[in-house]
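Each chain, letter by letter, is given below.
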Amino acid sequence: MGAGRLSFQLRALKVLSADLAALRIPLLIEDAQDFAGCTETLLKLVRQHQISHMDFIEEYPYNERLRDRSVSRALRRAGVQVTRHVADTIVRPGLVKTAAGKPYTVFTPFYKRWINQAFEFPPLPGIEAQSPVRIEASLVPEKMGAAAIADRADVWPAGEVVAGARLREFIEDAVENYEQHRDIPALGGTSRLSAHLAIGGISARQCLWAAHNKAASQPEYATGCHKWITELAWRDFYRHIAAQFDHINKGHAFRLELDRLPWRLRVNDLSRAQDSPAAADWHAWCTGHTGYPLVDAAMRQLNQTGWMHNRLRMVVAMFLTKHLLIDWRCGERYFMHTLIDGDFASNNGGWQWSASTGTDAAPYFRIFNPASQGEKFDPNGEFVHAWVPELRPVAGRLLFKDRGKWPQGVDYPLPVVEHRLARQRALEFFKQKGWGGGLSERG
Ligand SMILES: Cc1cc2nc3c(=O)[nH]c(=O)nc-3n(C[C@H](O)[C@H](O)[C@H](O)COP(=O)(O)OP(=O)(O)OC[C@H]3O[C@@H](n4cnc5c(N)ncnc54)[C@H](O)[C@@H]3O)c2cc1C
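Residues numbered from 1 in each chain as written. Predicted model: local features only at pLDDT ≥ 70, side-chain atom pairs only at ≥ 80, totals over all residues.

1. What to know about the overall build of the chain
- Regarding its fold elements, the chain presents 19 helices and 2 strands.
- Taken against the 2.2 N^0.38 rule, which gives 22 Å for 443 residues, the C-alpha radius of gyration of the chain at 23 Å falls within 12% of a compact globule.
- Taken along its principal axes, the extent of the C-alpha atoms in the chain is 75 × 55 × 45 Å.
- Scored against the burial criterion, the 443 residues of the chain give a buried share of 40%.
- A fraction of 72% describes how many contacts in the chain between residues 6 or more apart in sequence connect residues 24 or more apart. (Helix = DSSP H or I, 4+ residues; strand = E, 2+ residues; numbered from the N terminus. Rg over C-alpha atoms; globule rule 2.2 N^0.38 Å. Buried ≥ 20, exposed ≤ 12 C-beta atoms within 10 Å, placed from the backbone. Contact = placed C-beta atoms within 7 Å.)

2. A few points about the site of the ligand
- Taken together, 28 residues form the shell around the ligand, and within it Thr190, Ser191, Ser194, Asn347 and Gly350 come nearest.
- Where the shell around the ligand is concerned, the elements lending two or more residues are helix 8 (194–198), helix 10 (222–244), helix 14 (310–323) and helix 16 (344–355).
- Ranked by residue count, the leading element in the shell around the ligand is helix 16, at 6 residues.
- Two domains each put at least three residues into the shell around the ligand: domain 2 (96–244) and domain 3 (253–431). (Near = placed C-beta within 6 Å. Domains from an automatic or database assignment.)

3. Topic: the packing of helix 9 (residues 204–217) against helix 10
- Two elements in contact, helix 9 and helix 10, have axes whose closest approach is 8 Å; the angle formed by their N-to-C orientations is 160°. For the element pair helix 9 / helix 10, the angle class is roughly antiparallel. Judged by the sense of rotation from one axis to the other, the crossing of helix 9 with helix 10 is left-handed. When helix 9 is examined against helix 10, the residues Ala204, Cys207, Leu208, Ala211, His212, Lys214 and Ala215 are found in contact with a partner set consisting of Ala222, Cys225, His226, Trp228, Ile229, Leu232 and Arg235. (Axes fitted to C-alpha atoms, helices over the stretch in contact; angles between N-to-C directions. Parallel < 35°, antiparallel > 145°, perpendicular 65-115°, else oblique. Left-handed = near helix turned anticlockwise from the far one by under 90°.)

4. What about the confidence of the model for the chain?
- Taken over all residues, the pLDDT of the chain has a mean of 90, while the share at 70 or more is 91%.
- Of the regions scoring below 50 in pLDDT, residues 129–148 engages in 27 contacts with residues more than four places distant in sequence or in other chains. (pLDDT = per-residue confidence, 0-100.)

5. Some points on unusual backbone geometry
- Although it is not a glycine, Arg192 adopts a positive phi angle of roughly 50°.
- Mapped onto the elements of the fold, Arg192 is located in the loop between helix 7 (178–181) and helix 8.
- A residue is classified by how many C-beta atoms lie within 10 Å of it, and Arg192, with 18 of them, is partly exposed.
- For Asp402, which is not a glycine, the phi torsion comes out positive at approximately 50°.

6. Let's talk about the pairing of strand 2 (residues 81–85)
- The buried fraction of strand 2 amounts to 0 of the 5 residues, a small share that puts the element mostly on the outside.
- Note: strand 1 (residues 53–57) against strand 2, 5 bridges, orientation parallel. By the bridge assignment, His53 is partnered in strand 2 with Gln81.
- A crossover connection joins strand 1 to the parallel strand 2 through helix 3 (residues 62–77); in handedness this β-α-β unit is right-handed. (Pairing = 2+ DSSP bridges. Right-handed = clockwise from strand over helix to strand, strands pointing away.)

7. A word on the nonpolar core
- Formed by 98 residues in total, the largest nonpolar core has its most connected members in Val175, Ala211, Ala298, Val315 and Val316.
- Broken down by element, this core gets its largest block of residues, 10 residues, from helix 10.
- Each of domain 2 (96–244) and domain 3 (253–431) accounts for three or more of the residues forming this core.
- Among residues more than four places away in sequence, those in contact with Val316 are Val295, Ala298 and Met299. (Core = buried A, V, L, I, M, F, W, Y, C linked by C-beta atoms within 7 Å.)

Here's what the structure looks like:
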């Protein structure tokens, strides 16, 4: 977990502490050194306060599952009544199964079954905001200041009331156009609830029901609401995968036959490979200096705000893994360090989708052209201009092509790799034998 997400979580706890204090309930925060240490820490607390009941919300990555099991057993042995709750997902992992009783590994059939079960669990009521809370919708750097932004309470306010207000605001103002706006980074047409969802600051069930009720009461909102519910389903899907396929929790590719691809830079070599060309490419990607305007704008948005738009997460992830042939695990790690919404299951799922190593992933020959992505999703260059100031002199329509027509004196790097060559290299890379694979055109 990165510092941005940690500080967001600590701020949320502060708010929770105040909310509970108003109900005369103290909030105790206990430190444990690691997952295994949680059991002893909680046993101590139980003895100290003569606790008879413990309620907790299950979590599904591997270490969290072992922790939950160990804590439950130990506390039950100590005479405590333990109740586990499902609140991190909409449907509990393990309940959405194929006819053969197996977990789904493809999203669409998963979704068809999931949606029939999703409404069996109404959410608990949340706290109502006393006064309306409005959150700055535009994420442009002038309004935000510079680095360390993820730490700032004014940019990322935390707590249940704020999250609830953000949900209401999104459902009232933006969900109607979600389907049309969700892929245009300059529009800010998505909910930006991911950071709250990642730390349990709002429940996915609350989100589901808010969208469902809106669609039921105002059918003109139904398309946007249903599209948004599909995104919540992706969140559940990746959590179900993490809960049911242990190997992805241990750094392996979902498709084990693609676990040892000969990447130019592997995650284990990150600290050692200082002077190689691949290390230089990695550095250019991390800092937003690849010479591809959309990739660079996206990486700078991430580095300066702790958040990145979903379309751009796919673009930069494919660029790292397919244009630069750098191990998806490097990017996964970088995202976890920088994202305010860093979340193991969604992050791992997104990276493995982009690298074509995951469950229901993009086929290996699907390689986004960053220039075409720019023309399609930032046609006037508003997003790039906001984040890459040195490109402001270049007209939006020229940003992604016609570099020869750019005005003189624009101080911007040449592309680290040429798209056509990179595409060819990636196709050969994924098809080559020797690492135990060699993919067919069907991916
Ligand atoms: C390479 C890569 C890495 C990612 N890493 C993370 C991560 O660490 N944490 C994270 O929360 N999301 C991650 N995502 C998914 C997605 O990009 C974000 O959830 C989304 O951009 C958050 O913005 P939002 O809240 O405005 O989303 P909205 O469009 O408003 O969607 C609502 C909610 O649905 C969920 N959601 C939306 N899209 C996805 C998706 N593709 N996969 C899983 N859940 C989704 C999120 O919880 C999100 O908050 C990643 C995607 C990719 C391609």
